[in-house]
Structure formats: structure tokens, C-alpha cells
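Chain residues, written in single-letter form:
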Amino acid sequence: MTTFLELLANGISVGAVYALIALGFVIIFKATEVVNFAHASLLLAGGFVVARLHSSIGFWAALLLGVAGAAAVGVLIEFLIIRRANVSSHSVLAIVTIGVDIVLTTELTRRIGTEVLALGDPWRDQVVHLGAVGIAQTRVVALAVAAVLITAFLLAFKHTGWGVAMRATAEDPETAALMGVRRGRVSMGAWAVAGALATVAALFLCVFPTPGLDRSTTFAAMKAFPAAILGGLDSTTGALVGGLIIGVTETLMSGYQNDLAFLGRGIGDVAPFLVMIVVLLIRPAGLFGTRELARV
Amino acid sequence: MDVHAPPPPEDPGLVVRDLAVNYGPVTALRGISLSVPRGSIVAVLGGNGAGKSTLLRAVSGTLRFHRGGITAGEIVFGRTRLSGTAASAVVARGVVQVPEGRRVFARMTVEENLRAGSLGARDRRAAAGARERVHTLFPVLAERARQRAGLLSGGEQQMLAIGRALMARPAMLLLDEPTLGLAPMMAARIAETVREINAQGTTVLLVEQNAAMALSLASQAYVLEVGEVALSGPAADLARSDEVRRRYLGIEDDRAASPAGASAGRPALARWSA
Ligand SMILES: Nc1ncnc2c1ncn2[C@@H]1O[C@H](COP(=O)(O)OP(=O)(O)OP(=O)(O)O)[C@@H](O)[C@H]1O
Ligand SMILES: [Mg+2]
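Remember, it's a predicted structure, so these values are computed and weren't measured experimentally. (Residues numbered from 1 in each chain as written. Chains lettered and ligands numbered in written order. Predicted model: local features only at pLDDT ≥ 70, side-chain atom pairs only at ≥ 80, totals over all residues. Heavy atoms only, no water.)

Focus on the overall build of chain B
The line we're drawing: Segments assigned H or I by DSSP are reported as helices when at least four residues long, segments assigned E as strands when at least two residues long, and all are numbered from the N terminus. A simple rule labels every residue: compare its accessible area, found with a 1.4 Å probe on the protein chains alone, to the largest value its type can have, and call it buried under 20%, exposed over 50%, or partly exposed in between. Residue contacts follow a heavy-atom distance rule, with two residues in contact if any of their heavy atoms lie within 4.5 Å. Surface accessibility in these figures is a Shrake-Rupley result with a 1.4 Å probe; residues are shielded only by whichever protein chains are displayed.
Across its full length, chain B carries twelve helices and eleven strands. A burial count over chain B gives 52% of its 274 residues as buried. The long-range share in chain B, meaning contacts at least 24 apart out of those at least 6 apart in sequence, stands at 71%. Counting only carbon and sulfur atoms, one obtains 52% of the accessible surface of chain B, whose full area is about 12,000 Å².

Structure follows, in C-alpha cells:
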């Protein structure tokens, strides 16, 4: 029972981090109808900045620069590539983002090499005990930070002019333009927010118990894709629920790996994708989505 | 629309000169010219596919959403050129469109729709005043503020679409078939509102298939046929012309001919010959 609670708590925390990534993925899709396969490289870029700078300027300043850096990379991708690519189909743009992802990831992994970079976070490997249940402090902080960021995002999405412009554009771009909404700005804002959230996610994907940032960090980030897709690509609620489902499933499956040996080793890593496939078979638009993937 | 600074008399309002528009290989407008003087209501009539919506898209700068573009001519409002500018710049100049089919943001509340309307306004601080005006014109929008716009009736959605456009405090309103699909009572209500908005100082370009309604509101009218101006003139004259009566008002020639020698009383209209 204790194991189960520990795994569940960890799963929720990991899920909240996936939700941060999925949220960025979903708002880019809402604002531009582009499935952004470069998301994992945005995350890697933000994490890389933090890893490189923390020893010289301190963790918090490095985190701030990492967030700003990934936001800037997002804006640049939007401004230089997505906006200018005069293609008729959003599927083509999605493929363009795959290209961007390959370029960015290749360059970053070349710089990372075979190292495992620490991010210099202040939580280290302390463990918090709640009764018999022990949870890494990093997991508690991750959950708290993700909850705050997600709440702030949802409030802004609901109540600010930026949020209204974003939702109007997502629902009907032409009519939003008739209201004077500038789609380019909305889209840039979405990429910037997505980059910023991805950096925070990078931080919590790389802290204890993970050894640090290395070339496999993008694989961890990839698990947020099934989270976004199973929740419904155009639903912020879906991103949150999807993130939690994936996080909890993955953690439980890994935790009980030995009891699930008949499913083969490494079931925790494939579980997110299995869950996604099952959900899509039942609900092609995802749990909360309105658009089927066939249209993407 | 600003009472304290009336537009100088030489201000021509909206002027469209020799406008031609293509959607890829399809030509939708073939060099049309029209003008909408400040403070007036001008109607544009025409059947399906005549190019009415295309004209409004060209003014609002949204042709690119339909893979269309202006191939010749220009659009000027006041002393600034609208053709070639972005949609947001057109709104910022005070020219705001209520699109065909209302196009309210169905997943957003009534209040949020109005807020969306103020996003591109010239003066966003004036939003509170604009909201007041909209709520006075359409009290139902105040009552339903927190309801999803998609749940409103067709007539209410049309009111919302007009109210949303008014949130930008437009100097000029472009209306694309505002009575489409509405019951006669509601259509009359909308017509009355258009008259009132105009009386408050907003110039109106009204696109309609409901010719009777449009001609009763407008001072000038243009009839579009397959991308060209087929007829134009004072609205009252058009309403009396045989051609318009037959084609757009559904009145047969022989029934329309009155014993009082109608042909003599019927004005000569400029028939646009290609
Ligand atoms: N997105 C588009 N792509 C290609 N052709 C188009 C497009 N929109 C309109 N057209 C064509 O342009 C012409 C004018 O269309 P438009 O929509 O302006 O007519 P309309 O007068 O508004 O008609 P309705 O009264 O039915 O709304 C038509 O021949 C139409 O087929
Ligand atoms: Mg039309």
C-alpha cells in the first residue's frame, strides 16, 4: 500500500510536468493549427541554457534566462519559419517542425555530448516523509510549481485580452481578424508561452531522481505528445488530464514492472503510447478534443 | 461619429475604385466602383455569387483567408488607403465588418464575444462606454452576458454580431446580410437598429438580398451581377425600377405597372453596360 501511494504521488507529480509540456503543445495547436513536433527541442534548449549557466550566475538567474531563451527560440521559429512558410496544408507545417526539431536537437546533443549536466537546483536529493510515504522533495516542488503555473495560465486564458484573442483566433481565425486581432502576435505569444513552460518542465524532468540533462531528455519530453493527443489536441483541459493519466500510468507500470514481467521489460516507457492508442481507438478526437487527428 | 469634430466636407467616406478580385483562377469582382459618403447608408444588392461578400472581404482585408486577392483598383477610406493593409489596420481605422452568417464565437460567452470586439479598437479604454451603448441597443445581451453565444437564437446571435462590431466604436459599419434567415419580425427589428446606429453617426454599407428592407434604409444603392455593378442610383429610384422590382422584390412587371402611367414616372437609371 505504501508503495502504491508513493508511486501514485510520484505519478501525479510527473504527470503535472507532462501537463506543462502538453499545455504548450496544445496552445500552439489552438493558435496556429500546427502540430509542433519541435516541442521536445524547445524543452531541451531551455534546459540546456539552465545547465550551462547555473554555475556562473546562480540557479534562479539561470532558470530565468532559460525560460526567456526557450521563449525566444519559440518566437524565432514562429517568426522565421511558421509564418513565412506559405504552404496550403497544416500537415506540411507539422513536417516542417519535424525538420526544425531535428536541426535543434542535433545541435544541442552535439554540444551536450556524452555528458550528464546537472541543473544546480536547490532541492537536491532530499526526501519528504508523510507518515510512511517518502517522496522526493523535487517531486513535491514540481507538483506545486506546475499547479501554480497551470492555474495562472488558465486564469490568463480566461480573463485577459490575450486569452480572449487566443480563444477567438482558435475558434474562428477570420472573424478574429475582423475584430482586429493580429494572428501573428497571438501565434508568437503561444510559441513564447510554450517555450517558457517547456523550460520549467525540462527542469523537473532533469532533477532528482533523474541524474540530469542529457541527450535522452528529449525522449522523456516525447511522452507529453501522447498526453496532449489523448486529451484532445485542442483542449487545455485535455492537456492537464492527459498529462496526469500518462504520468500516473507510466509511474505505476514502471513501479510494478516485476509483477508485470509478462508484458516485457520497459513497459513503463511504452505505456504512454499504449494508453494513447487505446483512447484514440475509442474516441478519435481525444478525451476532450473537438477535432479528429485525421484532419491534422 | 465624434460630435465635436464633424468630418470636413471634402471627406469622401469610403471610395472603391475599379476594384477587381480573384480567388485563384476565379474572378469574383471585375472592376467595380462605388462610394459611401460619411454618415449615409448605402445598400449593395445582388443574387447569390454576385460578389457582395467578396467586396466586403476586400475592404476588411480578409481575402487571404479565402486565398483571394485584389488584382486591380483601390479602396480608400477618408484619406487613407485600405487596400493592401492588414485586417487589423482596417479595424484600427474605424471600419468594422459584421460577417455573413453572424459568426459569433460560439464557445465563448456573450460577454467575451463583446470583449473580443473591443480587441482591435482604436481606443481600448473606451470599451466601457461602448459596452453601455451596445447594452442599450440590445438589452438582451446584458441579460445573457454569461451564456454561451452558441446557445442564443439566430436573431440574438445577429444582435450579438452587430454589438460585437460596435464594441470597436466604428466610424463605418459593413453589414453582410444581417437579416439572413431571420423571421420578418426580427428582420424588421434589425433594420430599425441599423437605422438607429446610423442616426448616431456611424456610416453604413449594407449588403442584402432582402432588397425591400435594404432599399427602405439606404439613400443610395448598387446592384451587383456576376462581379459588376449592373445598376446604381438613389435607393428610392431603384425601388421603383422595373428591373429591381422584378428581380429582387419579386413583383411582376404587369402587376407593378400602375394605371397612373408608371412608365412616365419611372426614373431613368444608369444601366451599367459592359
Ligand atoms: N473562397 C472562395 N474561393 C473561390 N471562389 C470563391 C470563394 N468565395 C467566393 N467565391 C466565388 O466568388 C464569387 C462571389 O462570391 P461571394 O461570396 O462574394 O458572393 P455573394 O454575393 O456574397 O453571394 P451570397 O449572396 O450567396 O452570399 C462566386 O462566384 C463564388 O463562387
Ligand atoms: Mg455573401
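Some remarks on the overall build of chain A
Using the following cut-off: The globule rule used here is 2.2 Å times the number of residues to the 0.38 power, and the radius of gyration it is set against is calculated over C-alpha atoms.
If you tally the helices and strands in chain A, you get twelve helices and two strands. For chain A, the succession of helices and strands along the chain, N to C, is α-α-α-α-β-β-α-α-α-α-α-α-α-α. Computed over C-alpha atoms, the radius of gyration of chain A comes to 19 Å, within 12% of the 19 Å expected from 2.2 N^0.38 for 296 residues, which places it in the range of a compact globule. The dimensions of chain A, computed from C-alpha atoms along their principal axes, are 60 × 50 × 35 Å. Relative to its 296 residues, chain A shows a buried fraction of 54%.

Some thoughts on the sheet that holds strand S1 (residues 14-23) of chain B
Residues and elements named next belong to chain B. Heads up, the rule is: Paired strands are those between which DSSP finds at least two bridges. Axis definition: a line fitted to C-alpha atoms, over the contacting stretch in the case of helices. Angles run 0 to 180 degrees between N-to-C directions.
Ordered in space as S2-S1-S4-S5, the four strands form an open sheet in which the pairing is antiparallel. Strands at the two margins of the open sheet, each flanked by one partner only, are strand S2 (26-36) and strand S5 (80-81). Pairing analysis gives two bridges linking strand S4 (residues 68-77) to S5, with the strands arranged antiparallel. In the strand pairing of S5, Phe-77 is matched with Thr-80. With respect to the sheet, helix H1 (residues 52-60) is in contact with S1, S2 and S4, its orientation differing from that of S1 by roughly 110°.

Some details on the side chain of Ser-187 of chain A
Tracing the backbone through its elements, the reader meets Ser-187 of chain A in helix H8 (residues 183-206). Those residues in contact with Ser-187 of chain A, other than ones at most four positions away along the chain, are Ala-31, Thr-32 and Glu-78 of chain A.

So, helix H12 (residues 267-282) of chain A
Residue and element names in this part refer to chain A. For clarity, the cut-off: Residue count minus one, scaled by 1.5 Å, sets the expected span of a helix.
The first and last C-alpha atoms of H12 sit 22 Å apart over 16 residues, in line with the 22 Å expected at 1.5 Å per residue. Taken as a whole, H12 has its buried residues at Ile-267, Gly-268, Ala-271, Pro-272, Val-275, Met-276 and Val-279. If you follow the buried residues of H12, they end up packed against helix H10 (224-231) and helix H11 (236-255).

Points about the site of ligand 1
Residue and element names in this part refer to chain B. Note the following rule: Whether a residue is near a molecule or strand depends on its heavy atoms: if one lies within 4 Å, it is near. Counted as a polar contact is a pair of N or O atoms within 3.5 Å, where, for protein atoms, one must be capable of donating a hydrogen and the other of accepting one, and residues adjacent in sequence contribute only when both atoms are in side chains.
In the neighbourhood of ligand 1, 15 residues make up the surrounding shell, with Asn-48, Lys-52, Ser-53, Thr-54 and Gln-209 lying closest. Interatomic distance of 2.7 Å between a side-chain N/O atom of Lys-52 and an oxygen atom of ligand 1. Side-chain polar atom of Arg-57 to a nitrogen atom of ligand 1: 3.5 Å apart, as the coordinates give it. Protein chains shield 69% of the accessible area of ligand 1, which is 630 Å² for the free molecule.

Focus on the interface of chain B and chain A
Short version of the rule: Two parts lose some accessible area (1.4 Å probe) when they are put together, and adding that loss for both gives the buried area. Put simply, a salt bridge is a Lys or Arg side-chain nitrogen that is within 4 Å of an Asp or Glu carboxyl oxygen.
Listed per partner, the contact involves 26 residues of chain B and 22 residues of chain A. Taken together, both faces of the contact between chain B and chain A bury some 2,200 Å²; the carbon and sulfur share is 57%. For the chain B face of the interface with chain A, the top three residues by lost area are Phe-65, Phe-105 and Arg-107 of chain B, together amounting to 26%. The interface formed by chain B and chain A includes four salt bridges.

Some words on the side chain of Lys-52 of chain B
Residue and element names in this part refer to chain B. Along the chain, the position of Lys-52 falls in helix H1. Lys-52 sits in the buried class, given a relative accessible area of 4%. If we skip the residues at most four places from it in the chain, Lys-52 touches Val-44, Leu-45, Gly-46, Gly-47, Glu-177, Val-207, Glu-208, Gln-209 and Leu-224.

What to know about the UniProt feature "transmembrane region" (unreviewed entry) in chain A
Residues and elements named next belong to chain A. Convention followed: UniProt positions are given in the numbering used here, feature names are shortened, and annotations may be inferred rather than shown by experiment.
Sequence positions flagged by UniProt for "transmembrane region" (unreviewed entry) are, in local numbering, residues 7-28, 34-51, 58-81, 140-157, 188-208, 228-248 and 260-282. Secondary structure across residues 58-81 divides into 96% helix and 0% strand, with the first and last C-alpha atoms of the span separated by 33 Å. Helix and strand shares over residues 140-157 are 100% and 0% respectively, and the end C-alpha atoms of the span are 26 Å apart.

Some details on the nonpolar core
Applied cut-off: Think of a nonpolar core as a cluster: buried Ala, Val, Leu, Ile, Met, Phe, Trp, Tyr and Cys residues, connected wherever their side-chain atoms sit within 4.5 Å.
Residues Leu-43, Leu-203, Phe-204, Leu-205 and Leu-213 of chain A are the most contacted members of the largest nonpolar core, which totals 77 residues. Excluding its chain neighbours within four sequence positions, the residues that come into contact with Leu-203 of chain A are Phe-59, Leu-63, Leu-119, Asp-121 and Trp-123 of chain A. The next biggest cluster of nonpolar side chains, apart from the first, holds 48 residues, and it includes Val-104, Val-110, Ile-190 and Tyr-248 of chain B.

Notes on the coordination of the magnesium ion (ligand 2)
All names here are of chain B. Where we set the bar: Coordination partners: N, O, S within 2.8 Å of the metal, 3.2 Å for Na, K and Ca; water not considered, so apparent gaps in a site are possible.
The coordination sphere of the magnesium ion (ligand 2) contains the protein donors Ser-53 (OG) and Glu-100 (OE), at a distance range of 1.9 to 2.1 Å. One end of the pair, Ser-53, is in helix H1; the other, Glu-100, is in the loop between strand S6 (95-98) and helix H3 (110-117), and 47 residues separate them in sequence. Ser-53 gets classed as buried once you look at its relative accessible area, which sits at 14%.

Some remarks on the pairing of strand S2 (residues 133-136) of chain A
Residue alternation in S2 of chain A divides its side chains into two sets, Val-133 and Ile-135 of chain A and Gly-134 and Ala-136 of chain A, and both sets are buried. Hairpin geometry of strand S1 (residues 127-130) of chain A and S2 of chain A is characterised by an intervening segment of two residues between the two adjacent antiparallel strands and by a positive phi of about 65° at Gly-131 of chain A.

Considerations on the packing of aromatic side chains
All names here are of chain A. Inclusion rule: Within 6.5 Å between ring centres, the rings of Phe, Tyr and Trp (the latter by its six-membered ring) count as paired, and their orientation is classed by plane angle as stacked under 30 degrees, edge-to-face over 60, tilted in between.
According to the stated counting rule, one finds eight aromatic pairs over all chains in the structure shown. With a centroid separation of 4.9 Å and an interplanar angle of 75°, the aromatic rings of Phe-25 and Phe-225 are classed as edge-to-face. Taken together, the residues Phe-25 in helix H1 (residues 2-32) and Phe-225 in helix H10 connect sequence positions 200 residues apart. Neither residue differs from the other here; Phe-25 and Phe-225 are each classed as buried. For the pair Phe-37 and Phe-225, a centre-to-centre distance of 5.9 Å together with 45° between the ring planes defines the contact as tilted. Here Phe-37 is found in the loop between H1 and helix H2 (39-57), whereas its partner Phe-225 is found in helix H10, with 188 residues between them in sequence. Clustering of aromatic rings is evident, with ring pairs tying together Phe-59, Trp-60, Trp-123 and Phe-204.

Some details on the environment of Ala-89 of chain B
Tracing the backbone shows Ala-89 of chain B in helix H2 (residues 87-92). As for Ala-89 of chain B and Gly-61 of chain B, which are separated by 28 residues in sequence, their C-alpha atoms are 8.8 Å apart.

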